[in-house]
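Overview (structure and organization)
The lines below spell out each chain.
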Amino acid sequence: RKEGRRKLEPVSFATFAREWVKTYRPGDPEQGGLKRSTREGYESIIEGHLNPELGALKLAAIDTGRLKRYVARKRQGDPPLQGRTINRHLNLLHLIFGAAGDEELVRSNPVSKKLRAREPRRRWTILSPVEICRVERTFAELADEAEGEERAWCEQARVVFLMVVSAGLRRGEILGLRWRHVSLADPAGALLRVEETWVRGAADTPKSEKSERTMALGERLASELFDHRGRTAYRGDDERVFCNPLTGRPLDPKRYAATLRLALKRAEIAKPMRPFHDGRHTSLTNEAASGSSPMALMAKAGHSDFATTQLYIDLAGEVFREEAWRLEERLFGTATREAKAL
């Protein structure tokens, strides 16, 4: 040991990681630490993957080589983990070892950029307006053919589909929506307030500060919600907009996914489609293609940064031609009109 170099305290990875996840306070201290869903996700990774491999080791004994072997085992496991999942583990390890470094329990953070897996290019299924109309019709057909609770379910599933592809809400936002969050009688137009989500079987706050937002609803979607409220047995202000037709409990995402797959098949759309994720991407990409401004798109999506919104603009191929014309009119319109008058 070099002279003057302090001996590191021998703390095990498991002991430190478990304490860290209880006390980690990112961002605004008023938030009270990690969101419940984030904490549970971290705990799942720590207890299900990291501690079985690294828990008994002392923090200071875990180096880049040890983590390289961890990554290799996870890639070759049964089942093997995908690159995106492995990178989530490494992101968490980077946070844990960063905190350990702050407490002088390790001399450096062993999570190297070279360890990170190359993630495949993200691919989204985007429905066109024509395909959206076909899917809506097949939902209506399924409802017409059903009876009782199944009919109520299919009618609701159609409105869920329209909400996802029109408003672009996340899954947790759809499940967390209550009737008091929806204003259908506002003289200026219908509004929807995102202020609660349903994640991992419990109510939670929205994903970020930007995710808590008020949105204007188009006339068609507002009309569909009005009719849906008239049909459902759960129409009280504190009850869920979308729920189990018999119990009022939050919507079952797996049942909705199965109904959507049936509607897609009947509409002869063979694209693999994630019911909420791809539905949200469909909404925002079509919004960009319709010419919405980047700021309006960012506000609707509830994104915390413009870089995420830019993905939808690029995917839609929106070039904002009208905005370019308006800019030229502002910059050169006066001179052009004066030249024509001469």
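Bear in mind the structure is a predicted one, so any value in this text is a computation, not a measurement.

1. Let's talk about the sheet that holds strand S2 (residues 191–194)
The three strands lie next to each other as S1-S2-S5, forming an open sheet whose pairing is antiparallel. The open sheet terminates on both sides in strands that have one partner only, identified here as strand S1 (182–183) and strand S5 (213–216). As paired strands, S1 and S2 are joined by two bridges and run antiparallel to one another. Of the residues in S2, the one forming a bridge with Val182 is Leu192.

2. Some remarks on the confidence of the model for the protein chain
Chain-level pLDDT for the protein chain is 86 on average; 87% of the residues reach the 70-or-more range. Per-element confidence in the protein chain is highest for helix H9 (residues 253–266), whose mean pLDDT is 96, and lowest for helix H13 (residues 321–341), whose mean pLDDT is 67.

3. A closer look at the packing of helix H5 (residues 129–145) against H9
At their nearest, the axes of H5 and H9 sit 8 Å apart, and the two run at 110 degrees to each other. When the axis of H5 is compared with that of H9, the two are roughly perpendicular. Residues Val135, Thr138, Phe139, Glu141, Leu142 and Glu145 of H5 form the contact with H9, whose own contacting residues are Tyr256, Thr259, Leu260, Leu262, Ala263, Leu264 and Arg266. Taken together, the residues that form the contact of H5 with H9 break down as eight nonpolar, two polar and three charged.

4. Looking at helix H8 (residues 219–231)
Quick reminder: α-helices carry 3.6 residues per turn. Residues three or four places apart thus point the same way. Look at H8: 19 Å from first C-alpha to last across 13 residues, which is about the 18 Å you get at 1.5 Å a residue. All of the buried residues along H8 are Leu221, Ala222, Glu224, Leu225 and His228. The arc that holds every buried residue of H8, seen down its axis, measures 160 degrees, which confines them to one face. Turned more than 90 degrees away from the buried face of H8, the exposed residues are Glu219, Phe226 and Gly230.

5. Describing the pattern of salt bridges
As enumerated under the stated definition, the model contains 30 salt bridges in all. Between Arg220 and Glu136 there is a salt bridge, with its nearest N and O atoms 2.3 Å apart. Residue Arg220 is found in helix H8, and its partner Glu136 is found in helix H5; the two are separated by 84 residues along the sequence. Here Glu136 falls in the buried class, since its relative accessible area comes to 15%. The network of salt bridges with shared partners includes Arg178, Arg180, Arg193, Glu195, Glu196, Glu212, Asp238 and Arg240.

6. Some points on unusual backbone geometry
Pro79 follows Asp78 through a cis peptide bond whose omega is 5 degrees. Mapped onto the fold, Pro79 is located in the loop between helix H3 (64–75) and helix H4 (83–102). We note that Arg200 has phi near 55 degrees; this positive angle belongs to a residue other than glycine. Mapping Arg200 onto the fold places it in the loop between strand S3 (197–199) and strand S4 (202–204). Relative accessible area serves as the criterion here: at 52%, Arg200 is assigned to the exposed category. Here the phi dihedral of Glu268 falls at roughly 60 degrees; this positive angle occurs in a residue that is not glycine. Topologically, Glu268 is positioned in the loop between H9 and helix H10 (277–289). With a relative accessible area of 70%, Glu268 lands in the exposed category.

7. Concerning the layout of surface pockets
Computed from the structure, the second largest pocket encloses a volume of approximately 510 Å³. Looking at the second largest pocket, it is lined by 22 residues, and the ones nearest its centre are Val165, Ser166, Ala167, Glu287 and Lys300. Those elements that place two or more of their residues in the lining of the second largest pocket are H5, helix H6 (148–167), S5, H8, H10 and helix H11 (294–301). Per element, the largest residue contribution to the lining of the second largest pocket is four residues, and it comes from H6. Taken together, the residues that form the lining of the second largest pocket break down as twelve nonpolar, six polar and four charged.

Reading the values: rules and limits
- Residues numbered from 1 in each chain as written.
- Predicted model: local features only at pLDDT ≥ 70, side-chain atom pairs only at ≥ 80, totals over all residues.
- Heavy atoms only, no water.
- Pairing = 2+ DSSP bridges.
- Helix = DSSP H or I, 4+ residues; strand = E, 2+ residues; numbered from the N terminus.
- pLDDT = per-residue confidence, 0-100.
- Axes fitted to C-alpha atoms, helices over the stretch in contact; angles between N-to-C directions.
- Parallel < 35°, antiparallel > 145°, perpendicular 65-115°, else oblique.
- Contact = heavy atoms within 4.5 Å.
- Nonpolar A, V, L, I, M, F, W, Y, C, P; charged D, E, K, R; others polar.
- Expected span 1.5 Å × (residues − 1).
- Buried < 20%, exposed > 50% of the residue type's maximum accessible area, 1.4 Å probe, protein only.
- Arc of directions from axis to C-beta.
- Salt bridge = Lys/Arg side-chain N within 4 Å of Asp/Glu carboxyl O.
- 1 Å grid on protein atoms, 1.4 Å probe; cavity = no way out; pocket = protein on both sides within 12 Å on 5 of 7 lines; lining within 4 Å.
- Points joined across faces, edges and corners; volume = space filled by probe spheres on them.

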